[in-house]
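Spelled out from the first residue to the last, the chains are:
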Amino acid sequence: MELLLVHPQIPHNTGCAARLAAATGLRLHLVEPLGFSLEDRYLKRAGLDYWPMVDLMVHKDWEQAAQFLAQGTERPIDQRLRLFSARGGESLFGATFMPDDILVFGSEGQGLPADLLAQYPNNRVYVPIREGVRSLNLANVVCLGAYTAMHAAGVP
């Protein structure tokens, strides 16, 4: 299973995702442009001293990330992508996950790019929230999504 953040904007959220990646052993992918420098002190602080344990890949764009992730796997990438979005799809708690899935999260302000959502309309996953609440914090959704998917897929 892999974690992928597309155009994250807030260093603290990405740092929290990095700490989660260290704790779970999942690889963390970041797709540029990023809203911060990888040298940002808030990013480093949120990840604490776990950065050496993070398997981090930075991709210049979605195409580069997709090309990398399509290598060396039996299932095609379009079957592995699980796009977390507030705009419809299947509930996280009813979705089926596989050990080689790629959990994809969008930026804090924009979510996932519309063209990416349109390209994979059947791959959307959402976290149920009360009406009137627009969204949840990215770091929270990454954590909830990762542990729920790992449990559902039988990943230790």
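My aim in this report is to walk through the structure given alongside it, one point at a time. (Residues numbered from 1 in each chain as written. Predicted model: local features only at pLDDT ≥ 70, side-chain atom pairs only at ≥ 80, totals over all residues. Heavy atoms only, no water.)

## Focus on the pairing of strand E6 (residues 102-105)
Consecutive side chains along a regular strand alternate between the two faces of the sheet. Where we set the bar: Three exposure classes are used, based on accessible area relative to the maximum for each residue type with a 1.4 Å probe and protein chains only: buried under 20%, partly exposed in between, and exposed over 50%. Secondary structure follows DSSP: runs of H or I at least 4 residues long count as helices, runs of E at least 2 residues long count as strands, and numbering of each begins at the N terminus. A strand pair is defined by DSSP finding two or more bridges across the two strands.
Side chains of E6 alternate between two faces, with Ile102 and Val104 and Leu103 and Phe105 buried alike. Bridge count between strand E1 (residues 2-6) and E6: four bridges; the pairing is parallel. What sits directly across from Leu4, in E6, is Val104. Across three bridges, strand E4 (residues 81-84) lies against E6 in parallel orientation. Looking across to E6, one finds that Arg82 is bridged to Leu103.

## Looking at helix H3 (residues 62-69)
Here is the rule we go by: By definition, the arc is the one covered by directions from the helix axis to the C-beta atoms. For this analysis, a polar contact is any N or O atom pair within 3.5 Å, provided that within protein one partner can donate a hydrogen and the other can accept it, and provided that sequence-adjacent residues contribute only side-chain to side-chain pairs.
Within H3, burial applies to Trp62, Ala65, Ala66 and Leu69. Considered in projection along H3, the buried side chains sweep an arc of 95° and stay on one side of the axis. Opposite the buried face of H3, at more than 90 degrees from it, the exposed residues are Glu63 and Gln67. The opening residue of H3, the one whose side-chain oxygen lies 3.3 Å from the backbone nitrogen of Glu63, is Asp61.

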